[in-house]
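Listed below are the residues making up each chain.
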Amino acid sequence: MERSHVSAEAALAHVQALYADGVARLHEALREAVRGNAPARRVRAFYPRVRLVAQGHPSPEALADSLPSYGFVSGPGVFEATLTRPDLFADYYREQFELLLRNHGAPLQVGPSEVPIALPFTFDEHTRFEAELDAASRRELLAGFDMPDLAAMDDGIANGTFAPAPGQARPLALFNAPRVDYSLQRLRHYTGCSAEHFQNFVVFTNYGFYVDEFLRMAREMLREPARDAQEYLALVEPGNVITRRAGSPAAPGDAGMPPARMPQMPAYHLVRGDRSGITLVNIGVGPSNARTITDHVAVLRPHTWLMLGHCAGLRSSQQLGDYVLAHGYVREDHVLDEDLPPWVPIPALAEVQVALQQAVAEVTRLQGLELKRVMRTGTVATTDNRHWELQPFGGPLSTPRLRFSQSRAIALDMESATIAANGFRLRVPYGTLLCVSDKPLHGDLKLPGMADRFYRERVNQHLQIGLRALEILRGQRMERLHSRKLRSFDEVAFQ
């Protein structure tokens, strides 16, 4: 079953065949179990595995024209990764295979791993096999097939805490196959959309107003037939409801249905044929949601994610509606402390910062000092305490006001540092552009009438800026965007 390949296409085809055969075997055994023919012993299928035996570092010649911070291993040894859903990740796997073959000149060994595929991970949202079984049959089902095992899907590789046992291969990827499958299921649960609709450029927001404006803008774009192949092709909403561009025929998978109730963090996708479109996710309020969704989106290996939302301005010179471009973060969100210690600095990424500033200038048509009057660059503080401003401002103990002043923070919210920190941790380029919606330290509180007017006036421009920034980033070489700032000195090869 294991074969060596010197072609990325051949290696990918082998992975696809192994995965398809394993899933087919599980599904056939399940159909027999549902008919009353429970398997006499556990029916198992195993994830495909790709292995590289590296004889040394890539040669200088191999990397002379190579900009990526990925695509090679850090030294000689045996490296491997378990793989899943080669239908969804075909382009991604092909690129990683091509880079390894080019940079190391050694064949890729593809075969079955020793990691079993959990049966529930092989079904899409339309499959409800458990509904056909009574309680006794479900117990038999658990005994006859592999179920998800959380012990097999921790984030030790991404966190830098994974240490291979003697003789164990070192990892090629940040996430193993069970961890990826787990996140694909969670994405569907939290966002109401299948993972295949997610695009490689992602916007996170904390207000429904941005969703309304995104949908308006997307539908307006799709009213006219496409002029070239690079335009957006469709809009996908929760429930996998697909609206095709005018003049485009419907596709077999378009039969989605709006959910009976909206998911916790609904996602909307403005789709391009090469998956370089834009996904917008309304994560709601709070660092817990921000961490949850980024944990799962990261397995799709997006090229960039941005936070666009509202914040409290902390400086008297700021006005409602001003923009804040984060170049540093104070983390008091506490949701990532065990995975990424608070002392770890979260750097600004030059490519993202430049794109955001350029987008603000283009959309507002301001330059120089005029641009600086509406956009401040500085530190953003993120807290898990929504009512931080109600803490006492005096006394011997450190207060939020004192800490934020010492950090030179110019704005505060509940999500941005979490999203940036998880981008840093999971090697996804990130950026933050916020809009000042209140100034609690200066008596300018967010009140209903004022807030409604503010949102109507600013959301459209803010969203236009975010989308334009992503378009600018899309026009760059992706290997430059995936900054070396995100990679450690002993890094996995896969992007």
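Whatever comes next refers back to the structure up there.
This structure is a prediction, so every number in the text was calculated from the model and none was measured.

### Remarks on the packing of aromatic side chains
The full count for this structure, using the stated rule, is six aromatic pairs. A centroid spacing of 5.8 Å and a plane angle of 45° characterise the contact between Tyr92 and Tyr93, whose relative ring orientation is tilted. Here Tyr93 falls in the buried class, since its relative accessible area comes to 5%. For the ring pair Tyr92 and Phe494, a centre distance of 6.1 Å and an interplane angle of 85° mean the geometry is edge-to-face. Residue Tyr92 is found in helix H3 (residues 90-104), and its partner Phe494 is found in the segment after helix H14 (478-481); the two are separated by 402 residues along the sequence. Look at Phe494 and you get buried, because its relative accessible area is 2%. Joined through ring pairs, the aromatic side chains of Phe89, Tyr92, Tyr93, Phe97 and Phe494 make up one cluster.

### A look at the packing of helix H8 (residues 287-297) against helix H12 (residues 416-425)
Viewed as axis vectors pointing N to C, H8 and H12 meet at an angle of 30°, and their least axial separation amounts to 9 Å. As the angle between them shows, H8 and H12 are arranged roughly parallel. As H8 packs across H12, the resulting crossing turns out to be right-handed. Where H8 abuts H12, its residues Pro287, Ala290, Arg291, Thr294 and Asp295 lie against Thr418, Ile419, Asn422 and Arg425. A class-by-class count of the residues in the contact of H8 with H12 yields three nonpolar, three polar and three charged.

### Regarding the pattern of salt bridges
All told, the structure shown has 28 salt bridges when counted by the stated rule. Notably, a salt bridge pairs Arg425 with Asp295, separated by 2.8 Å at the nearest N-O pair. You can see Arg425 sitting in helix H12 and its partner Asp295 sitting in helix H8, a full 130 residues away along the chain. In terms of burial, Arg425 and Asp295 fall into one category: buried.

Parameters and conventions
- Residues numbered from 1 in each chain as written.
- Predicted model: local features only at pLDDT ≥ 70, side-chain atom pairs only at ≥ 80, totals over all residues.
- Heavy atoms only, no water.
- Phe/Tyr/Trp six-rings, centres within 6.5 Å; stacked < 30°, edge-to-face > 60°.
- Buried < 20%, exposed > 50% of the residue type's maximum accessible area, 1.4 Å probe, protein only.
- Helix = DSSP H or I, 4+ residues; strand = E, 2+ residues; numbered from the N terminus.
- Axes fitted to C-alpha atoms, helices over the stretch in contact; angles between N-to-C directions.
- Parallel < 35°, antiparallel > 145°, perpendicular 65-115°, else oblique.
- Left-handed = near helix turned anticlockwise from the far one by under 90°.
- Contact = heavy atoms within 4.5 Å.
- Nonpolar A, V, L, I, M, F, W, Y, C, P; charged D, E, K, R; others polar.
- Salt bridge = Lys/Arg side-chain N within 4 Å of Asp/Glu carboxyl O.

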